[in-house]
Amino acid sequence: MNDRRPSVVVVGGGLAGLAAGVEAADRGAAVTLLERRPRLGGATWSFEHRGISYDNGQHVFMRCCEAYLRFLERIGSAGDVRLQSRLEVAVLCPGGPVGAIRRTRGPAPLHLLAAVATYPHLPRRRRPAVMRAALALRRLDPDDAALDRSTFGEWLAARGQDAATIEAFWDLIVLPTVNVPAAEASLKLAAMVFGTGLLSRSDAADIGWATVPLSVLHGGAARRTLEAAGGEVRTGAAVRGVRAGASGRPAVELDGELIEAGAVVVAVPHEAAGGLLPPGTVAGQERLGDLGTSPIVNVHLVYDRAVTELPMAAGTRSDVEFVFDHTTAAGLDDGRQCLTISLSAAKRHIGRRSADLVEHFGAEMARLLPAAAGARITESMVTRERAATFVGAPGTHALRAGARTALGGVFLAGAWCDTGWPATMEGAVRSGVEAGRLAVESAAAAPPAPGTGVRGEAVAA
């Protein structure tokens, strides 16, 4: 039976591809989503080991991540996340007091004034300078391309922030959001993170995270949504290239198969995108690799008892950056507690043996949480994303591509694309939604496909 709907093929089943597919389906397109791996979700996925569910990494969002929250609502997952009613992050220090970054009900930026003024991990004499720097940061325009020439660390140093202050305060925010420390981060991206997430409105930085495994939250829910809309989802489908087809419509080449469509969304990592497309399809295509990659490592520790009541915490003067209580999502209800330690920009950890990481971070947790010192680790797991994000360093802005390409009917999506955001779930969804919209508009204007369906001819092996 001939499907008269405009046809859209999405290459890639990560968050950007899923968002593009759902957006295209909602706009009336017949969607085919192709993912080379046996699972959906891209860098957000889960697995089970010995009856415990682990996420590949601890992913969080903020209340200002409006596109991501709309996506969760659309795929029926909004009830499977926890969102703080008010920002509060405990900051632990070995042998020291427990600090906190929390907001008051006052307007931005005054909502963080009390948190900085009483923050115990900064000397009192340093706190006024931090407040002045925050106000100066608020005045920067994240759309100013000139900010991409400097590092955030250079900007902070010029405003009296020493290395200890940057480590104890500024890196707590920039490291997990840009996936590089302040010393390496683009000032443009840092200005966007702080301006949008912390200083624009008082509730913007309230933090949320999944209460179910990520594969349930994203991949499973989005698949059901696409299939309910009449879309086709194919995993284990390795795309070899995207090019102009014989009819002038874009064509997607797989092993032994060619699919023509009204439009194609290429939603794959930047290091793979260039190789799927003909030369000259993307401005600066030969330089996409210069965006680089930054790894993330997560160390999951299951204790024989509860060792903390904190849902999440940051660490300072410790190798622990952030730790999350993953017990509910792990499926544990036997009194044990699963804590996930998230390590951003983890170049120094990525090559270490799992056993060494478990031993080291077990000891670090004992330094931060006295109850952990007396508990036994019954299970452990280390997960690694070697190319978790692009490197958000100066020069990044010019390398990030827009959604449109020089190949008619072909569009790009991904957290690496030019969204203005760092490589986050929000950036991925924003990019996917835009690409999905453009793809449907293009497909609706495309000439009809030859034959009676979107499938084209077989390709000789």
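Residues numbered from 1 in each chain as written. Predicted model: local features only at pLDDT ≥ 70, side-chain atom pairs only at ≥ 80, totals over all residues. Heavy atoms only, no water.

Engineer: Explain the pattern of salt bridges residue by residue, including any values.
Structural biologist: Following the criterion strictly, the structure yields 24 salt bridges and no others. The shortest N-O distance in the salt bridge between R240 and D255 comes to 2.8 Å. Of this pair, R240 sits in strand 11 (residues 239-244) while D255 sits in the loop between strand 12 (250-254) and strand 13 (257-260); the two residues are 15 residues apart in sequence, bridging distant segments of the chain. E364 is paired through a salt bridge with R367; the nearest N and O atoms lie 2.8 Å apart. Placement of the pair is E364 and R367 together in helix 11 (residues 354-368), with a separation of three residues, close to one helical turn. Classification of E364 by relative accessible area gives buried; the value is 7%. One network of salt bridges, in which partners are shared, links R63, E66, R103, R201, D203 and D206. (Salt bridge = Lys/Arg side-chain N within 4 Å of Asp/Glu carboxyl O. Helix = DSSP H or I, 4+ residues; strand = E, 2+ residues; numbered from the N terminus. Buried < 20%, exposed > 50% of the residue type's maximum accessible area, 1.4 Å probe, protein only.)

Engineer: Explain helix 7 (residues 187-197) to me, using residue names and the numbers behind them.
Structural biologist: Of all 11 residues that make up helix 7, 10 are buried, and the element is covered over most of its length. Of the positions making up helix 7, those classed as buried are L187, K188, L189, A190, A191, M192, V193, F194, G195 and G197. Considering only its buried residues, helix 7 is in contact with strand 5 (60-62), helix 4 (127-138), helix 5 (152-157), helix 6 (163-178) and helix 13 (396-399). The residue sitting at the N-terminus of helix 7 and contributing the capping side-chain oxygen is S186; that oxygen lies 3.1 Å from the backbone nitrogen of K188. (Contact = heavy atoms within 4.5 Å. Polar contact = N/O pair within 3.5 Å; in protein donor to acceptor, adjacent residues only side chain to side chain.)

Engineer: So what's going on with the sheet that holds strand 12? Which residues, and what values?
Structural biologist: The antiparallel open sheet is built from three strands, whose spatial order is 11-12-13. Across the chains shown, the open sheet's two edge strands, defined by having one partner strand only, are strand 11 and strand 13. Between one strand axis and the next, the sheet turns through 20° on average, direction left out of account. Examined bridge by bridge, strand 11 and strand 12 share five bridges and lie antiparallel to one another. Note on strand 12: the bridge partner recorded for R243 is A251. (Pairing = 2+ DSSP bridges. Axes fitted to C-alpha atoms, helices over the stretch in contact; angles between N-to-C directions.)

Engineer: Can you break down unusual backbone geometry residue by residue, with the values?
Structural biologist: What you tend to see is this: most non-glycine residues have negative phi, and most peptide bonds are trans. Cis geometry marks the peptide bond from A108 to P109, where omega comes out at 0°. Positionally, P109 belongs in the loop between strand 8 (99-102) and helix 3 (113-117). Not every positive phi belongs to a glycine, and R317 is a case in point at roughly 55°. Mapping R317 onto the fold places it in the loop between strand 16 (312-315) and strand 17 (322-325). The phi torsion at A345 lies on the positive side, around 45°, for a residue other than glycine. When its relative accessible area of 19% is taken as the criterion, A345 is described as buried.

Engineer: Describe the packing of helix 2 (residues 66-74) against helix 8 (residues 214-228), and please don't skip the residues or the numbers.
Structural biologist: Helix-helix packing: each pair is described by the crossing angle between the helix axes and the interaxial distance. For the pair helix 2 and helix 8, the least separation of the axes is 9 Å and the interaxial angle reads 55°. With respect to helix 8, the axis of helix 2 lies oblique. Facing helix 2, whose interface residues are Y68, F71, L72 and R74, helix 8 presents L217, H218, A222 and T225. The residue makeup of the contact of helix 2 with helix 8, split by class, is five nonpolar, two polar and one charged. (Parallel < 35°, antiparallel > 145°, perpendicular 65-115°, else oblique. Nonpolar A, V, L, I, M, F, W, Y, C, P; charged D, E, K, R; others polar.)

Engineer: Can you break down the nonpolar core residue by residue, with the values?
Structural biologist: Counting 120 residues, the largest nonpolar core has V8, F152, W170 and F194 as its most contacted members. The contact partners of V8, leaving out residues within four places of it in the chain, are A24, A29, A30, V31, T32, A263, V265, A439, V440 and A443. Judged by nonpolar contacts, the second largest core, of 24 residues, contains A90, V299, L357 and V382. (Core = buried A, V, L, I, M, F, W, Y, C linked by side-chain atoms within 4.5 Å.)

Engineer: I'd like a description of the packing of helix 6 against helix 7, backed by residues and values.
Structural biologist: Running from N to C, helix 6 and helix 7 point in directions that differ by 110°, and their axes come no closer than 10 Å. In terms of orientation, helix 6 and helix 7 fall into the roughly perpendicular class. Every residue of helix 7 that contacts helix 6 at W170, I173, V174, T177 and V178 is listed here: L189, A190, V193 and F194. Grouping the constituent residues of the contact of helix 6 with helix 7 by class yields eight nonpolar, one polar and no charged.

Engineer: An account of helix 8 is needed here, citing residue identities and associated values.
Structural biologist: An ideal rise of 1.5 Å per residue puts 21 Å on 15 residues; helix 8 measures up with 20 Å between its terminal C-alpha atoms. The principal kink in helix 8, of about 25°, is found at G220. (Expected span 1.5 Å × (residues − 1). Bend = angle between axes of the 7 residues up to and from the residue.)

Engineer: Give a detailed account of the state of the cysteines, specifying residues and quantitative values.
Structural biologist: All chains considered together, the criterion is met by zero disulfides. Here C64 stays free of any disulfide, with the sulfur of C65 as its closest cysteine sulfur at 4.6 Å. Given a relative accessible area of 5%, C64 falls into the buried group. For the unlinked cysteine C417, the closest cysteine sulfur is that of C65, found at 17 Å. (Disulfide = S-S within 2.5 Å.)

Engineer: Please give an account of the environment of E286 that cites residues and values.
Structural biologist: By secondary structure assignment, the location of E286 is in the loop between helix 9 (270-276) and strand 15 (294-303). You can call E286 exposed: its relative accessible area is 68%. Separated by 27 residues in the primary sequence, E286 and I259 place their C-alpha atoms 26 Å from one another.

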